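Below are the chains, spelled out letter by letter.
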Amino acid sequence: MTTRRDIIAFLGALPILSLAGCGQSATTDCQPIVLSDARSCALCGMTISSFPGPKGQACVDDGNTLGFCSTNDLLSWAWQPDSKPRISALYVHDLSHTRWQSPSDDAWIEAAKAVYVVGHDREGAMGHSPAPFSRKKDAEHFVEAHGGHVLGFRELDWDALKASS
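As the structure is a prediction and not an experimental result, all values here were calculated from the model.

Engineer: Would you mind showing me how to read the pairing of strand β2 (residues 65–68) here?
Structural biologist: A regular strand carries its side chains on alternate faces of the sheet. Of the pairings in the sheet, the one linking strand β1 (residues 56–60) to β2 comprises 4 bridges and is antiparallel in character. Residue pairing for β2: Gly56 is matched across the bridge by Phe68. Linking two consecutive strands that pair antiparallel, namely β1 and β2, is a turn of 4 residues; a positive phi of about 95 degrees is found at Gly63 within it.

Engineer: I keep staring at the sheet that holds strand β3 (residues 87–93) and nothing clicks. Help me out?
Structural biologist: Hydrogen bonds between backbone groups are what pair the strands of a sheet, and the pairing can be parallel or antiparallel. Within the open sheet, the 4 strands sit side by side as β2-β1-β3-β4. Their pairing is antiparallel. Strands at the two margins of the open sheet, each flanked by one partner only, are β2 and β4 (108–110). With strand direction ignored, the average angle separating the axes of adjacent strands in the sheet is 25 degrees. As paired elements, β3 and β4 share 3 bridges and run antiparallel to each other.

Engineer: What's the story with the sheet that holds strand β6 (residues 131–133) in this structure? I'm lost.
Structural biologist: Pairing in this open sheet of 3 strands is antiparallel, and the strands run β6-β5-β7 from one edge to the other. If you trace the sheet from one side to the other, it starts and ends with β6 and β7 (149–152), each paired once. Strand-to-strand twist across the sheet, computed as the mean angle between neighbouring axes with direction ignored, equals 35 degrees. One ladder, built from 3 bridges, connects strand β5 (residues 115–118) with β6; its direction is antiparallel. Considered in β6, the bridge of Val115 is made with Phe133.

Engineer: I'm lost on the state of the cysteines in this one. Help?
Structural biologist: A covalent bond between the sulfur atoms of two cysteines is referred to as a disulfide. Enumeration according to the criterion identifies 1 disulfide in this entry. At a sulfur-sulfur separation of 1.4 Å, the disulfide partner of Cys30 is Cys59. Here Cys30, found in the loop between α2 (22–29) and β1, pairs with Cys59, found in strand β1; they are 29 residues apart in sequence, far enough to count as distant. Both residues of the pair, Cys30 and Cys59, count as buried. Distance from the sulfur of Cys69, which forms no disulfide, to the nearest cysteine sulfur (Cys44) is 3.7 Å.

Cut-offs and rules
- Residues numbered from 1 in each chain as written.
- Predicted model: local features only at pLDDT ≥ 70, side-chain atom pairs only at ≥ 80, totals over all residues.
- Heavy atoms only, no water.
- Pairing = 2+ DSSP bridges.
- Helix = DSSP H or I, 4+ residues; strand = E, 2+ residues; numbered from the N terminus.
- Axes fitted to C-alpha atoms, helices over the stretch in contact; angles between N-to-C directions.
- Disulfide = S-S within 2.5 Å.
- Buried < 20%, exposed > 50% of the residue type's maximum accessible area, 1.4 Å probe, protein only.

This is how it looks when you write it as structure tokens:
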């Protein structure tokens, strides 16, 4: 039996429930930005475009896009308890479509859709950051040339970052 208290609780929750889908549009509206010399890393403050290796971006709940000088810094920031609820999308350079030495701002992939090579010998802004690829075959070729091993996004953790450094 529905009580007066149930009805009041439901009516009080309606405004919140009506906003439930609003956060979804942020992900689809968010697009990677150009990481020019004017941008500095949101984690360490280094100039983003001055170093080789894949970079990262995070779209956050206030509509801003944060740039990161490496996938290492992006993940380190994203895994912080204060960061997680603010994230609407994460992007990384796709090394299946760009070069390590000078990654193109036309080659981004959602971080969760990439596979990563950790423990390789290539250095970037923050050492040997995880190398993201949209195609596992490309990641395996990278391993043949530079060592390391392939992990999916959900397999990445602090130990994988330490092993990659």
